[in-house]
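Structural features, examined
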Amino acid sequence: MAAKKHKPLGIAIVGCGTVGGATAALLTTDRNIIESKVTVPMELRYIVDVDFSHAREMGLDESLFTDSIDAPIGDADVQVIVELVGGVTFAKDVVEKALRAGKHVVTANKALLAYHGAELYALARENGVCIAFEASCAGGIPIIRPMNEGLAANRIDAMFGIVNGTCNFILTEMISKNKSYADSLADAQRDGLAEADPTLDVSGGDSAHKLAIMASLAFGKKIDFEKIPLAGIDTLELCDIGYGETLGYVIKLLAIAERQDDGVSLRVRPAFISKEHPLAWVSGPFNAVSVYGHATGHTMYYGRGAGAKPTASAVVADIISIGIGTAQRSFELLNIWADRCEPANQLAIDEVQSRYYMRITCADEPGVLAQIAAILGKHNISITSLLQHESPQSAATTVPVIITTDKAREGNVRKALAEIDALDVIKAESVCIGIVEEYPEEL
Ligand code: HSE
């Protein structure tokens, strides 16, 4: 039997850059794909921007262009405003204006939600509308839906994400081509795979925005973005990648969220994982998120975390979800949204329990290792492996000693390394990188 005809869903896209343009194309040029699946017609009514050069290059319908947000806000036939402006100032104004006008909002803006999610969800609720944000985390990978719905029967215990394609691309170049961080970044910028100003990506900030959003849904808690400890890939040295490889590890920028007895531990940092770890083969610009539920065990979501079409795919999925009513029901009936949750007890970085890799630059003389081992022992840190190559005949006066440890408290590791680095026989600041083992399933 033919499906009943529905009133079209009126849509306005605000911001016609890379993702905005691709979203408009999916809704117009590729509309037959959506029409073959969805009984509610999707009607793009406005493209709002001040510069339409990209929209024109894409051949988008000029009759849709307007430079005023007031046009769709005042149009009773627009039900959805798609915010693709980015940033947390003008974008926030657009979202608030849309919500106050009773329009649903779809956004890809991770920074906006990481900082202001709870407040915006509350505003949406006051106005009887919803916010959908599948595109905010990991681009084209449907990762928000599993958190909200697919894994709804689970207590989620942990999540490990490679959620920044720029960083994963740079690290893959460093590993596979033995290129320095600076050279790998320069090549990524030349090929359009890194921004001209890559700070937000390489500092770990972008990954932390995504972690804040995903962890809030996973744990059903409000997350304070400012309390997420961050370390980026911009200080990584090639030699550590090489030593790690000798020990059977690859380096990844990981966004980590773990439930612990007394709270949750969230952090973003470069970490070594075993070459056998399921995240180890995620290379180039790809993203992946591993989620551990008490009932499902390990599930993993993989795909392109950025780029015009993959991100637009997630944006349009949200628009369709609003069109068929799923997003509104989920926003109304689930208790996991930050405006309905208690703040998480976010554990300080010193409380983290992890294994560690250390590179200690020592004078090549008797008794040095004994001093290092004594300090580690005093701080309850157990050594699991130790690697030192013979100095060449030409007699280097310093030598790197690579130590891996058993699980230890990060606070103890920091104190121990501060003491080690204060020894006369230590000739450079030590390097310390966490080693993340595969999370144990509870099945
Ligand atoms: N710049 C991000 C990345 C995509 O490189 O993955 C948008 O968050």
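I will try to describe carefully the structure that is included in this document. Here the structure is a predicted model, which is why all the values come from computation and not from measurement.

With that settled, consider the nonpolar core. Counting 114 residues, the largest nonpolar core has M42, I143 and M159 as the members making the most contacts within it. In terms of residue count, the dominant contributor to this core is helix α11 (residues 205-219) (nine residues). Ignoring sequence-local partners within four residues, the contact set of I143 consists of E134, C137, A138, M214, V289, V291 and Y301. Residues C362, L376, I403 and I420 belong to the second largest nonpolar core, which totals 22 residues.

Looking now at the pairing of strand β10 (residues 286-293). In terms of burial, β10 is largely enclosed, as eight of its eight residues are buried. Here β10 shows two buried faces, one formed by F286, A288, S290 and Y292 and the other by N287, V289, V291 and G293. Pairing between strand β7 (residues 156-162) and β10: six bridges, direction antiparallel. By the bridge assignment, G161 is partnered in β10 with V289.

With that settled, consider the site of the ligand. Inspection of the region around the ligand gives K110, N164, G165, T166, D201, D206, K210 and A306 as its neighbouring residues. G165 has a polar backbone atom sitting 2.7 Å from an oxygen atom of the ligand. Take K210: an N or O atom from its side chain is 2.8 Å from an oxygen atom of the ligand. Contributing elements (two or more residues each) for the shell around the ligand: α8 (165-177) and α11. The residue inventory of the shell around the ligand, partitioned by class, reads one nonpolar, three polar and four charged.

Time to look at the layout of surface pockets. Considered as a void within the structure, the largest pocket measures approximately 1,100 Å³ in volume. Along the walls of the largest pocket sit 40 residues, with K110, E195, D206, A306 and G307 positioned nearest its centre. Only α1 (18-27), α6 (110-126), α8, α10 (199-202), α11 and α13 (308-324) provide two or more residues apiece to the lining of the largest pocket. Split by residue class, the lining of the largest pocket holds 16 nonpolar, 16 polar and eight charged. Counting contributing residues, the lining of the largest pocket receives three or more from each of domain 1 (9-138) and domain 2 (144-303 + 345-349). Approximately 660 Å³ is the volume found for the second largest pocket. As for the second largest pocket, its lining consists of 25 residues, and the residues nearest its centre are A231, T235, V431, C432 and I433. Among the secondary structure elements, those contributing two or more residues to the lining of the second largest pocket are β9 (263-274), β12 (353-363), α16 (410-421) and β16 (431-436).

Conventions and cut-offs
- Residues numbered from 1 in each chain as written.
- Predicted model: local features only at pLDDT ≥ 70, side-chain atom pairs only at ≥ 80, totals over all residues.
- Heavy atoms only, no water.
- Core = buried A, V, L, I, M, F, W, Y, C linked by side-chain atoms within 4.5 Å.
- Buried < 20%, exposed > 50% of the residue type's maximum accessible area, 1.4 Å probe, protein only.
- Helix = DSSP H or I, 4+ residues; strand = E, 2+ residues; numbered from the N terminus.
- Contact = heavy atoms within 4.5 Å.
- Pairing = 2+ DSSP bridges.
- Near = heavy atom within 4 Å.
- Polar contact = N/O pair within 3.5 Å; in protein donor to acceptor, adjacent residues only side chain to side chain.
- Nonpolar A, V, L, I, M, F, W, Y, C, P; charged D, E, K, R; others polar.
- 1 Å grid on protein atoms, 1.4 Å probe; cavity = no way out; pocket = protein on both sides within 12 Å on 5 of 7 lines; lining within 4 Å.
- Points joined across faces, edges and corners; volume = space filled by probe spheres on them.
- Domains from an automatic or database assignment.

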